[in-house]
Amino acid sequence: MSIIRDVRAQLRRRLLISYRVDPAVAATLLPDGFRPQIVGGSALAGVCVLGLESIRPSWADRRWGLRSENAAHRIAVEWDGREGVEQGVFIFQRHSSAWHPVLFGGRMFPGVHRRARFRIRESGDRYALSMQAGAHSLDADVEVGGEWTSGVFASVDEASDFYRAGRIGWSLGHDGRTVEPVALSTEEWKIEGAQLHHLRSSFFDALPEGSAVFDSVVVMRDLPLVLTDARRSADAERLSPAGP
């Protein structure tokens, strides 16, 4: 099966919901080679919810493309690369409403996905969503604007710089052992602060009581994205976690 090198898409909406997590608990969730990135004394984890359209290989015309809703539970990590400490995110679970990432993720392109049902209600600057995939669920109600607060970031701009630096996302392949990196980039990066009205995540709610606390939420809207198979890039050797 041929590998798709780059995938392009138009981002309709991306919610980045963050939790402060006890570093000791966070460390137990990660495979060998990764450690939690500590920000303000906490590990920083959360859920990235993306609404995408015009999803296509980089060589395809933009008028052709697929559409999907997606959610990724993830944590900011660092690892010892060949040239020093690298930073990115480790993704525990990826879910999608569409068939193409479920069938081809981890095969034609890295990133194993599981099928999920999404319900999205969008009204102006407010986004209420739910996701259900067997025992896994997510409910969130987010509104752009208003007073933004965070226990680790002094401003939305500081949060924006942090998220932009974590463009490499690692996850386990279909064999449950091999880690695969995907790079997400955009030439029109822009983040807006938002307020949270409601949040429930079966993943974070299942952690030891008090070990995961909501921190903040930001939103990205109407931007072009490129997803790159970082295994096949010139940086693959530099990015790979160093062995023992």
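Each remark here, short or long, concerns the structure printed above.
Residues numbered from 1 in each chain as written. Predicted model: local features only at pLDDT ≥ 70, side-chain atom pairs only at ≥ 80, totals over all residues. Heavy atoms only, no water.

Draft legend 1. Focus on the packing of aromatic side chains. This model, assessed by the stated rule, comprises 11 aromatic pairs. Plain terms: the ring middles of Tyr 19 and Phe 204 are 4.3 Å apart, the flat faces sit at 20° to each other, and that makes the pair stacked. Taken together, the positions of Tyr 19 in strand S1 (residues 6-21) and Phe 204 in helix H4 (residues 202-205) put the pair 185 residues apart, joining distant regions of the chain. Since its relative accessible area comes to 4%, Phe 204 is described here as buried. Ring centres of Phe 90 and Phe 92 lie 5.8 Å apart, and the angle between their planes is 70°; on these two criteria the pair is classed as edge-to-face. Each member of the pair, Phe 90 as well as Phe 92, is classed as buried. Taken together, the ring pairs connect Tyr 19, Phe 34, Trp 79, Phe 90, Phe 92, Trp 170, Phe 203 and Phe 204 into an aromatic cluster. (Phe/Tyr/Trp six-rings, centres within 6.5 Å; stacked < 30°, edge-to-face > 60°. Helix = DSSP H or I, 4+ residues; strand = E, 2+ residues; numbered from the N terminus. Buried < 20%, exposed > 50% of the residue type's maximum accessible area, 1.4 Å probe, protein only.)

Draft legend 2. How the structure looks around the pairing of strand S8 (residues 117-123). Two strands pair when backbone bridges link them, and S8 and strand S9 (residues 126-133) are joined in this way by seven bridges, in the antiparallel orientation. For Glu 122, the partnering residue across the bridge sits in S9 and is Tyr 127. Connecting S8 to the antiparallel partner S9 that follows it, the hairpin turn spans two residues, and Gly 124 within it adopts a positive phi of roughly 65°. (Pairing = 2+ DSSP bridges.)

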